[in-house]
Structures are given as C-alpha cells and as structure tokens.
Amino acid sequence: MIDEFAKEYLHSDLRDIREVMLQKLDGLSEYDIRRPLTSTGTNLLGLVKHLSVSEARYFGEVFDRPFPEYVPRWDDLEQRGKDMWATEHETREEITSRYRRVCAHSDATIAALAIDSPGYVPWWPRPNVMLFNVLVHILTEANRHAGHADILREQLDGSTGMDAAGRGPDFWENRRAEVERAAKAATS
C-alpha cells in the first residue's frame with residue numbers, strides 16, 4: 001500500500017531539488033545562464049525552463065488540472081525541444097517566475113490528490129497511472145537535470161555546491177590531479 005508518508009516524502013524531495021535548480025543560476029551573468037555548454041546546447045536556464053514545462057504538463061494535463069498559462073502541447077512537433085533553451089526575448093525573471101508558478105500549481109495538485117489518484121499519460125506504454133507514478137517520474141527527471149546543472153555550473157565557475165564542507169579550489173585541483181594520475185596509470 002502506498003500511503004501519505006510516501007507522498008510527503010517524494011513531495012519534500014521534489015521541493016528540495018527545485019530549489020537546487022534555481023540556486024544554480026545565482027550569481028551568474030545572463031550570458032552564462034544561457035550559453036550552450038554541451039554539443040547539444042544544454043544550458044542552465046534552459047533546464048529550468050524545461051522542468052517548468054514538464055511539471056506543468058504532468059501535474060496538469062495528466063490529472064485534468066491544466067496549468068492556467070500556455071504550455072506547448074506534447075504533440076506540437078514545431079515546439080519540440082524549444083523548452084530546452086531561452087530565446088533572447090525571454091528573461092531570467094520570466095522563466096524563473098513561471099517555474100515558481102508551475103511549482104505552486106503542481107504543489108496544489110499534489111496536495112489535493114491522494115497518492116493513488118488516477119491519471120492518464122497517453123504517450124506512456126502503460127498510460128493509466130497514479131499520482132505516485134508521476135511524482136516518481138518528475139522527481140527522477142528533476143534529479144537527472146540537477147546533475148546536469150551541477151556539471152554545467154562547475155564548468156562555468158568551479159562551483160560544486162560542496163564548498164560549505166570546506167572543500168575549496170585546492171581540494172578539487174588535487175582531487176582532479178589524483179583522478180588524472182589514476183586514469184593514465186590504468187591505460188599504461
């Protein structure tokens with residue numbers, strides 16, 4: 001049996017990872033939050049934009065509680081992939097504010113429904129789902145993108161989110177050198 005403890009546990013983790021995603025933008029310039037840092041164009045602000053679209057769809061459409069603002073439809077091929085980056089006309093504030101509104105809408109859906117409330121995801125192989133399935137799916141997606149954001153932020157300014165543990169630049173420089181030595185030794 002899935003109970004309210006499981007629901008609150010998953011929801012709490014989701015709230016935490018959302019804050020991590022927003023914190024990854026702190027202290028960076030407009031260019032740095034937008035610039036493509038991988039060959040596929042992945043960037044920090046695009047990850048936040050993508051998560052807002054995903055949450056709006058999953059905690060909206062799936063449970064017949066649509067997010068009140070425009071969200072591209074799943075089957076709109078022209079829009080596919082455009083949620084992964086910010087245009088020059090979209091501001092940081094616009095995207096982060098929308099993400100916060102989406103999170104509030106998602107939180108209201110999660111609070112209103114029981115963990116075993118039914119939903120329908122037509123693009124999934126087993127489309128009949130419960131709130132539990134969607135919570136796990138969105139939490140997994142958010143954590144995966146938070147890992148991407150960790151690496152992107154580290155590429156930009158060396159920030160690892162672990163500096164409070166006393167691990168400054170010297171620690172990481174030594175760690176990197178140790179890993180490099182091991183990699184070279186393994187291939188000799």
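Up top you'll find the structure we're talking about.
Right, let's walk through the structure included here.

To continue, consider the environment of Gly168. As for its placement among the helices and strands, Gly168 is situated in the loop between α5 (131-157) and α6 (169-186). For Gly168, a relative accessible area of 24% gives the class partly exposed. Taking the C-alpha atoms as reference, Gly168 lies 9.4 Å from Gly158; in sequence the two are 10 residues apart.

The next subject is helix α3 (residues 44-58). Helix length check: α3, at 15 residues, gives a terminal C-alpha distance of 21 Å against a target of 21 Å (1.5 Å per residue), a fit within 8%. Across the 15 residues that make up α3, a large majority, 15, are buried. One side-chain oxygen of the residue at the start of α3 lies 3.4 Å from the amide nitrogen of Leu45, identifying that residue as Asn43.

Let us look at the pattern of salt bridges. One pass over the full model with this rule turns up 13 salt bridges. With a closest N to O distance of 3.0 Å, Arg35 and Asp32 form a salt bridge. For Asp32, a relative accessible area of 18% corresponds to the buried category. Close ionic contact of Glu90 with Lys49 constitutes a salt bridge, the shortest N to O distance being 2.8 Å. On the criterion of sequence distance, the pair formed by Glu90 in the loop between α3 and α4 (92-112) and Lys49 in helix α3 is long-range, its members being 41 residues apart. Owing to a relative accessible area of 11%, Glu90 belongs among the buried residues under this scheme. Of the residues examined, Lys49 reaches a relative accessible area of 8% and is grouped as buried. A network of salt bridges, in which partner residues are shared, links Arg18, Glu55 and Asp107.

Thresholds applied
Once a new chain begins, its residue numbering starts again from 1 and follows that chain's sequence as written. In keeping with the model being predicted, local features are shown solely for residues with a pLDDT of at least 70 and side-chain atom pairs are shown and tallied solely at 80 or more, while totals for entire chains, interfaces and linings include all residues. Values reported for side chains reflect all heavy atoms of the structure, with hydrogen atoms and water molecules removed beforehand. In DSSP terms, a helix is any run of H or I states spanning at least four residues, a strand is any run of E spanning at least two, and both are numbered starting from the N terminus. Partly exposed describes any residue whose relative accessible area lies between the buried limit of under 20% and the exposed limit of over 50%, with all areas from a 1.4 Å probe on protein chains only and scaled to the type maximum. Residue count minus one, scaled by 1.5 Å, sets the expected span of a helix. Polar contacts, as used here, are pairs of N or O atoms within 3.5 Å; protein pairs need one atom able to donate a hydrogen and one able to accept it. Residues neighboring in sequence count only if both atoms are side-chain atoms. Think of a salt bridge as a Lys or Arg side-chain nitrogen and an Asp or Glu carboxyl oxygen that are within 4 Å of each other.

Purely geometric numbers; function is a separate question.
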